[in-house]
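Residues per chain are reported as follows:
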Amino acid sequence: MSTRTSALDAVVFGVDVQSGDVRGDAPSYALVVYDGEDVSRDVVTHRKLRRLIDDEEPAIVATDNMYELAADKDQLIHFLGSLPAGTKLVQVTGAEQPEPLSRVAKRHGIPYGKQPMKEAEAAARLAAHNVGHEVSAFTDTTTVKVSRGRSTGSGGWSEDRYTRRIHGSVRKRAREVESELEDANLEYDRDVREAYGGFANAVFTVETRPQDIPVSRNRSGDVRVEIERERRDGIEFHPLAKRRDHVVVGIDPGTTTAVAIVSLEGEVLDVWSSRTSDTADVIEWIVERGRPIVVAADVTPMPETVEKFRRSFDAAGWVPDSDLPVDEKQHRTREHPYDDDHQRDAMAAALYAVDAHEDQFERIAERIPPGIDRGEVTARVVAGEESVEAVLADLIEDDEPEEESTEHEPREPTEEERRIKDLEKQVERLQSHVGTLEDRLEEKDERIHELENNLSGARRQERKEVRRDREVSRLDRKADRLERERDEAREEVEALEGKVERMKALWKLDHSNFSDVSAEKEGLVPVKVIEKFTKGAIREADEQYGIAAGDVVHLRDASGAGRSTAELLAGFEPRVVLKEGGLSDVADEILFETEIPVGPADDVAMQEVDELAVAREDDVEAVIDDWHDRAEKRTRDRKAEMVDQLISEHRAGDNEV
């Protein structure tokens, strides 16, 4: 089986400069698009290349030199930041000290030519086979910033209300973003700058990539949402292909397939589970992380699915004497994190398999001389059932010549022979000293390994505590937010309950024929409120709560009414009209002629609830009585004026005669 996995199912762009220079004239590029089967070639400008990357979102943009795409480090970082979320920039010739492309292509059996199009194709094919290093300038931390979408500058008389509205919109959108992050179960830190009426901005630091965040960059009205990845201090290189050591694999098959990778020393390297992946996906995932020596299951006999994986890798199999109990699996995996029970079972199978082979692994390691790959020998002994001696004999070429048994007659050693003998003794002493130093070095290595294991355990515990603290902080923030919303809701409920009680009281007054009207409410009369003495206000009040004959009407602004408006109100035949402000002469005359009493609202004590009110019956009767008195005086005055006018007209007629 190949020791290098393939990315041939993904689209790869191979790029090389065709003409020009990115530091000078606008360059053109040889572009090869490779998807594992088909190859298409084109010559494009830098702008068109960027547009194609944005439109097609390839998995990899491959080149033999990353500075063919950017003139300097700043431009390169800008280029990396503009790539789609799922696109990598890969330098196939290495990291900080790249090799010639021709040498890399030859080493991996990839066709190569000196023409730019041939070099672009070689880069694409190499990257498709996971050769090269990913160029990275950003971490997996993303910042989501919710801020004002427009300035809160001078707004004249309405500046306070305008500013409050903008800050309120920012606070509302920030809470929506926070809710979306919590629904996605993402860890984040929130930093809020409060302002008049709400938030000036809110910054969420999320430990994931932008494509995994359920929030998009946008600007709408008063609010702007910006998403940025956190930059590294410099440029980093990450190899596409990981080192693949010999490992022990635990597999838990079923509807959800789980796989755990454990080193020969018992260190859990990776764990994974999926409901949708097929056998090929599982094999590819394992191949990317190591070469299995043992494939293990947590039940006996070995399930057929696990047996297929074992045969695929030509590995040894391991199963327990009886099915592993749940409590034993929980205890064995207690120091390692996992997402579900399937991952736990796969991890337990791998760890128990390592425990079962621990003595054998140690015996093999003790018999392996320096310079020989321990994993290769262990794999052939455990999986191939070969002896250690046979494997070592196969791996080590015996170049030692046979000793000649030619007899020589005794003779006196020469000076040169004595010198050689002295040197051989010196070599023996030095070799003995080297052996002693190697023993000391091995002891120190074991101590270092022990301390590294302790450090690894401490770091795992620290990460658990950090995750726990973050979860507690997130829940505290959520609890605070829910408490605020609860308090606001309670205040609103209390206000509405008070309003409902007042409305009930007014309703009872308006339906006094019902038996449930309390005696304490007798002597009060409902008042229908009209905001302005206009036709529209009169009709609106009639539509909302009705104006009937005999109602007490309160005009909050009695000025400005004409004849038709006064006639409209008179047509409802109210019992009395309580006014604020002065009536026009025309309106006053119409209401007087229709014998509708009119009086000042200030003479009546009223309690108002929105558009409805209640007044004392005695005050209303007093206003009506006062109007009648004024009406009688007004009638007498009019009659007196008519008599005076008749007398004047009569006298004027006599004088003419």
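Scroll up a little and you will see the structure.
The following refers to the structure shown. (Residues numbered from 1 in each chain as written. Predicted model: local features only at pLDDT ≥ 70, side-chain atom pairs only at ≥ 80, totals over all residues. Heavy atoms only, no water.)

### Brief notes about the pairing of strand β17 (residues 552-555)
Here's step 1: Burial along β17 is two-sided: the residues V552 and H554 and V553 and L555 are all buried.
Here's step 2: In the sheet, strand β16 (residues 524-530) pairs with β17 via four bridges, with the strands oriented parallel. Looking at the pairing, V529 lines up with H554 of β17.
Here's step 3: For the segment spanning β16, helix α13 (residues 535-545) and β17, crossover handedness is right-handed.
Here's step 4: Both β17 and strand β18 (residues 576-579) contribute to a ladder of four bridges, which runs parallel. Across the sheet, the residue bridging to V553 is V577, located in β18.
Here's step 5: Handedness of the crossover is the feature at issue here: the chain leaves β17, passes through helix α14 (residues 563-571), returns alongside β18, and the resulting connection is right-handed. (Buried < 20%, exposed > 50% of the residue type's maximum accessible area, 1.4 Å probe, protein only. Helix = DSSP H or I, 4+ residues; strand = E, 2+ residues; numbered from the N terminus. Pairing = 2+ DSSP bridges. Right-handed = clockwise from strand over helix to strand, strands pointing away.)

### Overview of helix α11 (residues 388-395)
Here's step 1: Among the residues of α11, those classed as buried are V388, V391 and L392. Viewed along the axis of α11, the buried residues span an arc of 95 degrees, placing them on a single side of the element. Facing away from the buried surface of α11 by more than 90 degrees, the exposed residues are A393 and D394.
Here's step 2: As for α11, its buried residues are in contact with α9 (341-366) and α10 (374-382). (Arc of directions from axis to C-beta. Contact = heavy atoms within 4.5 Å.)

### Comments concerning the nonpolar core
Here's step 1: Core analysis: the biggest nonpolar cluster contains 31 residues, and V248, V294, I364, V377 and V382 have the highest contact counts within it.
Here's step 2: Every element with two or more residues in this core is listed here: β12 (257-263), β14 (291-296), β15 (316-318), α9, α10 and α11.
Here's step 3: A total of eleven residues in this core trace back to one element, the largest contributor, which is α9.
Here's step 4: Other than its neighbours up to four places away in sequence, V294 contacts V247, V248, V249, A315, A316, G317, W318, A353, H357 and V382. (Core = buried A, V, L, I, M, F, W, Y, C linked by side-chain atoms within 4.5 Å.)

### Observations regarding the side chain of K528
Here's step 1: For K528, the position within the fold is in strand β16.
Here's step 2: Under the relative-accessibility criterion, K528 is labelled buried at 6%.
Here's step 3: From its side chain, K528 meets the backbone oxygen of G546 in a polar contact 3.0 Å long. (Polar contact = N/O pair within 3.5 Å; in protein donor to acceptor, adjacent residues only side chain to side chain.)

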